[in-house]
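Each chain, letter by letter, is given below.
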Amino acid sequence: MNYKKTINIFIAGGSGFWAECNHYPSIAQLKKERIPLRVVAICDIRDPYKEKNRPVLNEILLKDNPVWINPSELSEDKLEKKLDKLRQEYNIDITIVSTNPIYHFYYANWSTKHSISTLCDKPLVTTKDASFSLKQSLQIQEKYEILKENVMQAKKHNPKYLFCSPLRRRALTPFVKTANDLESIYKKTHEGIRYMNVIVNGGVHKYPQEFLKGGAHGYLDGIGSLSHSSYHYIDVIAWYLGLARGQTAKIEVHLPYIFRVKDYLKIKGYKKLRKFIENNDDNFDDNLKIPDNVLNSELDFTFHLKLFDKNNSLLGLISYTADHTTFTPRLTKFEPEMAEYTNDKLGGRMSQVYIDIHQGALQNIQLVKNDVVFFGNNIYIKNRKHPKIGNTLETINYEEAYDKDTITPQDLFKSFIKHTAGYSISDDHLRLLSTFDNQNLTNRFYSKFYEKLAEEFELRKNVISKPTVD
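Criteria and cut-off values
- Per chain, the residues get numbers from 1 upward, laid out in the order the sequence is written.
- Restriction of local features to residues with pLDDT of at least 70 applies here, the model being predicted, together with a cutoff of 80 or more for giving and counting side-chain atom pairs; totals for whole chains, interfaces and linings are based on all residues.
- In computing side-chain properties, one takes all heavy atoms of the structure into account and sets aside hydrogens as well as water.
- Helix numbering and strand numbering both begin at the N terminus, where a helix is a DSSP run of H or I of at least 4 residues and a strand a DSSP run of E of at least 2.
- Every radius of gyration here is taken over C-alpha atoms, with the globule rule written as 2.2 Å times N^0.38, N being the number of residues.
- Each residue's exposure class comes from its accessible area (1.4 Å probe, protein chains only) as a fraction of the maximum for that residue type: buried when under 20%, exposed when over 50%, partly exposed otherwise.
- Residues count as neighbours in contact if any of their non-hydrogen atoms are within 4.5 Å of one another.
- All accessible-area figures derive from a Shrake-Rupley calculation using a 1.4 Å probe, and residue coverage is judged against the displayed protein chains alone.
- One speaks of a salt bridge when a side-chain nitrogen belonging to Lys or Arg is within 4 Å of a carboxyl oxygen belonging to Asp or Glu.
- We define the nonpolar core as a collection of buried residues of types Ala, Val, Leu, Ile, Met, Phe, Trp, Tyr and Cys that are connected through side-chain atoms lying within 4.5 Å of one another.

(A) Spatial organisation of the overall build of the protein chain. Helix and strand content of the protein chain: 14 helices and 15 strands. Relative to a compact globule of 470 residues, whose C-alpha radius of gyration would be 23 Å, the protein chain shows 23 Å and is just as compact. The principal-axis extent of the C-alpha atoms belonging to the protein chain is close to 65 × 65 × 40 Å. Relative to its 470 residues, the protein chain shows a buried fraction of 56%. Sequence separation of 24 or more characterises 72% of the internal contacts of the protein chain that already satisfy a separation of 6 or more. Of the roughly 21800 Å² of accessible surface on the protein chain, a fraction of 51% belongs to carbon and sulfur atoms.

In structure tokens:
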């Protein structure tokens, strides 16, 4: 299709690390393919024109000369009026939301209200102080429903309208193969998932001073590691359960374990590691005043999803554990001006994933990943099937699974833009784009997890504050 109209793109949060790694390279590549598009505006608290070490961003700035909007200088109402004026002036076709998570809803809501095709980073909705305020945590699902209604109305006006999230696991070959194997057995036997154990280790040990920094992976907004990295694996759980739900009709969510920032700082969980990295550990003042909203945010946790049938008979259990304070090979020293040390190559962030799935007695799949971030992405799968079903044992090692023999986030990002522009894209790409429609169960788990975190905090607070009687 020869589509001549220039596609105008608005980016919220376009001065950050993820935009430089994914969004801008995709835009630059599409420009090289002579697809007419332009970044017309960037809305970020940081001036993109003053950003250093952002070569692809600088290339976009030079070619497109986008307007910079500083949202910190405006109230929400004034910012919305400014965005409305921007939309009228440039006829915006696409919004990309890549901000701090608590602002995702604001920009996505504005964009969907105007039926602008939207690509929003995960999580779709997070609310300030959700880690410990039940009132705030309940708003996650409420705001999600608002977005859902906006998207439904936008699709009525434009059948090709898209709202997507860049969820890499939905397109990665090992995860897709696992999904296909689960669905294949389910179609043959109607056997659902009985047990699933998902463990994710991040290796993110912050010093006390580093908890005082903001950004997409900060804690200043009263949210923690559940917002930073867990949405991907919550989505995997929802995805796989949706393909092989069996007789599951009801799910109960429980929180058996929670380790907050204040627990980590109380035991000085960073101390031994810091002594190995810094020249003189005595140079650090650990008696810093850390705000309560940071102290109350989650670091490590385990959630249990109990599965029941329509008669309330227990069917099985899904367990999800996410730990930040696990093994790390961090070598990066503390630098006051460094916004987020885990974005540094020697920051020691880990990508350790262990998934063990039992589809009743008929199939067992194990997916394992154990890498230092920036130093490889290798995934190993072992699949056992009952001898009456098929191949009894299959083992596959996917080397550099994020880049080889798979569809990458940049591939899907480019397909999203092409589809919006009216170009034809492959059916595989269209199917693997994580649209709003397939996020319903994912977000329900995500919002419920925050509700449980807030309930636990309020219960513990009431127990501690209650006077004891001898």
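(B) The pattern of salt bridges, seen in detail. Inspection of the entire model under this criterion finds 25 salt bridges. Measuring nitrogen to oxygen at the nearest pair gives 2.8 Å for the salt bridge that ties Lys 5 to Asp 93. In this pair, Lys 5 sits in the segment before strand 1 (7-12) while Asp 93 sits in the loop between helix 3 (76-90) and strand 4 (94-97), placing the two residues 88 residues apart along the sequence. Note on Lys 5: relative accessible area 32%, which makes it partly exposed. Take Asp 93: its relative accessible area is 17%, and that puts it in the buried class.

(C) Structural detail: the nonpolar core. Core analysis: the largest hydrophobic core is formed by 111 residues, its most contacted members being Phe 10, Ile 27, Phe 175, Tyr 240 and Tyr 320. Broken down by element, the residue count for this core peaks at 10 residues, all from helix 8 (residues 231-243). Ignoring any residue separated from it by four or fewer positions in sequence, one finds Phe 175 in contact with Arg 169, Tyr 233, Val 236, Trp 239, Tyr 240, Ile 355, Leu 367 and Ile 379.

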